[in-house]
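The residues making up each chain are set out below.
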Amino acid sequence: MARGTCVRITAAVVEELHGPFVVREVDLDDPGPGDVLVRVAATGFCHTDGIARDGDLPFPLPGVLGHEGAGTVVAVGDGVTGVTEGQDVVLGWPSCGACRNCQAGEPRYCLRMGELVGGGHRLDGPSALRGPDGSSLASHFFGQSSFGTYAMTTASALVPVPAGLPVELMGPLACGLATGAGAVFNTLRPEPGSSIVVYGAGTVGLAAVMAARNSAATTIIAVDRHAARLRLAEELGATHAVDATSTDPVQAVHDICAGPAEASMDCTGNVAVIRQAIDSVGMLGTALLIGGAPAGAEFSADHLTTLWGKTIRGTLGGSGHGQQLIAALMDLHAQGRFPFDQLVQFFPLDRIEDAVEASYSGAVVKPILTMPH
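Here the structure is a predicted model, which is why all the values come from computation and not from measurement. (Residues numbered from 1 in each chain as written. Predicted model: local features only at pLDDT ≥ 70, side-chain atom pairs only at ≥ 80, totals over all residues. Heavy atoms only, no water.)

Student: Sorry if this is basic, but what is going on with the overall build of the chain here?
Tutor: Looking only at helices and strands, one finds 12 helices and 19 strands in the chain. Its C-alpha radius of gyration of 20 Å places the chain within 12% of the 21 Å reference for a compact globule of 373 residues. In the chain, which comprises 373 residues, the proportion classed as buried is 54%. Contacts in the chain between residues far apart in sequence, at least 24 positions, make up 68% of those at least 6 positions apart. Surface exposure of the chain reaches about 14900 Å², of which carbon and sulfur atoms provide 51%. Charge centroids of the chain, computed over 21 positive and 37 negative side chains, lie 2 Å from each other. (Helix = DSSP H or I, 4+ residues; strand = E, 2+ residues; numbered from the N terminus. Rg over C-alpha atoms; globule rule 2.2 N^0.38 Å. Buried < 20%, exposed > 50% of the residue type's maximum accessible area, 1.4 Å probe, protein only. Contact = heavy atoms within 4.5 Å. Areas by Shrake-Rupley, 256 points an atom, 1.4 Å probe, with all protein chains shown as cover. Lys, Arg positive; Asp, Glu negative; His and termini not counted. Charge placed at Lys NZ, Arg CZ, Asp CG, Glu CD.)

Have a look at this one:
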């Protein structure tokens, strides 16, 4: 219900480092200039939310996380154009729109991304959240803080959901799914007949497999330790599956490809697996680093084989224009070419701790939290 210049919402709050997600009432500002208020239908849980809770991605606490939201626009602030109330949207990544990288068409690498993602407030303003007693709460995680019934964002981050698609399913396209798919479409851009190895068949890795299936790559190798996820990878387009619990994956890749692969992707953030991804490609090959490792992590690579034309490259959020990518993935899903609904399981917000546990145990690839209204 509205209370003057704010709205009382229900949100999952992290009170302290490593603390649980506590579902309680908080106050969210009414939209000011440039703001868009979205009634959240559902939000995906991403391991990045857990990384932020545990301090490996700096975010001030107490605060509200969540960055894979989708819902309906309910109000806009002064100066907002191109967004209408009642419009179903995905809440994409934020960007400043003014720095050299944004101007060059790479808003995922916005020079102000650190403060946009983890500053805990509007880009050039205060937090939009506080406790009912007026106590401070950090907001705008990835420009949205969507672990709540409502979220505050900006028009430039929003992607309209086409009519006929279930809005509660679309949120994970904002981060995990776009990250894996964009790494293939925007960064690797596989040539006809090429080979791609995907280390880690979670949300990001399986999105990469689905994207590779929509590319000209003809050898798509999934590597994981979960048999069920490897079976799912094959259903979604992997031509080969390698169980790393019983097989040396680097040797397996060389056997399958009759030599090194053209490209590999680490979707785990595990330093030992990163080395396997690097060793899976050879001259003129690309090892793409995607998974988030703990703060301060370092990896090593063999110097000589890297010197011989190998590229080790990082990628963030799928690169390129996130709104264009998310829109394309929605169209591909509607056409049956990106069936990410096979990865998800829905949990009500008050079961967020169960969703987190299911994600970390591997029981669920992509939990989605549905919001009470």
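Student: It is not clear to me how unusual backbone geometry should be interpreted in this structure. Could you clarify?
Tutor: Most peptide bonds take the trans form, and the phi angle of most residues other than glycine is negative. Here leucine 61 and proline 62 are connected by a cis peptide whose omega angle stands at 5°. With respect to the element layout, proline 62 can be found in the loop between α1 (47–53) and β5 (63–64). Of note in this structure, histidine 18 is not a glycine but carries a positive phi near 70°. Relative to the assigned elements, histidine 18 resides in the loop between β2 (6–14) and β3 (21–29). Under the relative-accessibility criterion, histidine 18 is labelled exposed at 53%. The residue alanine 258 is not glycine, and still its phi comes out positive at about 55°. Following the sequence through the fold, alanine 258 ends up in the loop between α8 (249–257) and β15 (261–266).

Student: I tried to follow empty space enclosed by the protein on my own but got confused; where do I start?
Tutor: Leftover empty space is mapped by rolling, across the atoms, a probe with the size of a water molecule. For the structure shown, the criterion picks out 1 cavity of 30 Å³ or more. Computed from the structure, the largest cavity encloses a volume of approximately 40 Å³. If one sorts the elements of the lining of the largest cavity by residue count, strand β10 (residues 150–154) sits on top with 3 residues. (1 Å grid on protein atoms, 1.4 Å probe; cavity = no way out; pocket = protein on both sides within 12 Å on 5 of 7 lines; lining within 4 Å. Points joined across faces, edges and corners; volume = space filled by probe spheres on them.)

Student: Looking at this structure, I do not really get a nonpolar patch on the surface. What am I missing?
Tutor: Together, Met283, Leu284, Leu304, Leu307 and Trp308 make up a nonpolar patch on the protein surface, roughly 630 Å² of accessible area in all. Elements represented by at least two residues in the nonpolar patch include exactly β16 (281–289) and α10 (303–307). Mapping methionine 283 onto the fold places it in strand β16. On the basis of relative accessible area, methionine 283 is assigned to the exposed category, the value being 62%. (Patch = residues over 30% accessible without salt bridge, like charges linked within 9 Å, V, L, I, M, F, W, Y side chains within 5 Å. Salt bridge = Lys/Arg side-chain N within 4 Å of Asp/Glu carboxyl O.)

Student: Before we go on, may I ask you to explain the packing of aromatic side chains in this structure?
Tutor: Two measures describe an aromatic ring pair: the distance that separates the ring centres and the angle between the ring planes. This model, assessed by the stated rule, comprises 8 aromatic pairs. Arranged with centres 6.4 Å apart and planes meeting at 15°, the rings of phenylalanine 45 and phenylalanine 147 form a pair that is stacked. Residue phenylalanine 45 is located in the loop between β4 (35–44) and α1, and its partner phenylalanine 147 is located in the loop between β9 (136–137) and β10; the two are separated by 102 residues in the primary sequence. For the pair shown, phenylalanine 45 and phenylalanine 147 are each scored as buried. Linked through ring pairs, Phe21, Phe45, Phe147 and Tyr360 together constitute an aromatic cluster. Above the plane of the ring of tryptophan 93 lies arginine 108, whose end atom (NZ or CZ) is 4.5 Å from the centre. (Phe/Tyr/Trp six-rings, centres within 6.5 Å; stacked < 30°, edge-to-face > 60°. Lys NZ or Arg CZ within 6 Å of the ring centre and 35° of its normal.)

Student: It is not clear to me how the nonpolar core should be interpreted in this structure. Could you clarify?
Tutor: Looking at soluble globular proteins, one finds that nonpolar side chains tend to be buried together. One finds Phe21, Leu28, Leu65, Phe141, Phe147, Leu158 and Leu369 to be the most contacted residues of the largest nonpolar core, which totals 53 residues. At the level of secondary structure, the elements contributing two or more residues to this core comprise β2, β3, β4, β6 (69–76), β7 (88–91), α3 (113–118), β10 and α12 (352–361). A total of 6 residues in this core trace back to one element, the largest contributor, which is β2. Setting aside its immediate chain neighbours within four residues, phenylalanine 141 contacts Thr48, Asp49, Ala52, Leu57, Phe59, Val64, Leu65, Gly66, His67 and Val117. Listed in part, the 52 residues of the second largest apolar core include Leu177, Val184, Ala211 and Met330. (Core = buried A, V, L, I, M, F, W, Y, C linked by side-chain atoms within 4.5 Å.)

Student: Would you explain the layout of surface pockets in this entry?
Tutor: Estimated volume of the second largest pocket: approximately 350 Å³. Top contributing element to the lining of the second largest pocket by residue count: β16, with 5 residues. Here the lining of the second largest pocket is built from residues that sort into 9 nonpolar, 8 polar and 4 charged. (Nonpolar A, V, L, I, M, F, W, Y, C, P; charged D, E, K, R; others polar.)

Student: Honestly, the packing of helix α5 (residues 176–188) against helix α11 (residues 322–334) in this entry has me stumped. Any pointers?
Tutor: Packed helices, taken two at a time, are described by the angle their axes make and the gap between the axes. The N-to-C vectors of α5 and α11 enclose an angle of 95°; their axes lie 10 Å apart at closest approach. Our classification of the angle between α5 and α11 gives roughly perpendicular. Seen from α5, the contacting residues are Leu177, Ala178, Ala181, Gly182, Phe185 and Asn186; seen from α11, they are Leu325, Ile326, Leu329 and Leu332. Tallied by class, residues from the contact of α5 with α11 come to 8 nonpolar, 2 polar and no charged. (Axes fitted to C-alpha atoms, helices over the stretch in contact; angles between N-to-C directions. Parallel < 35°, antiparallel > 145°, perpendicular 65-115°, else oblique.)

The values are spatial; any link to function lies outside them.
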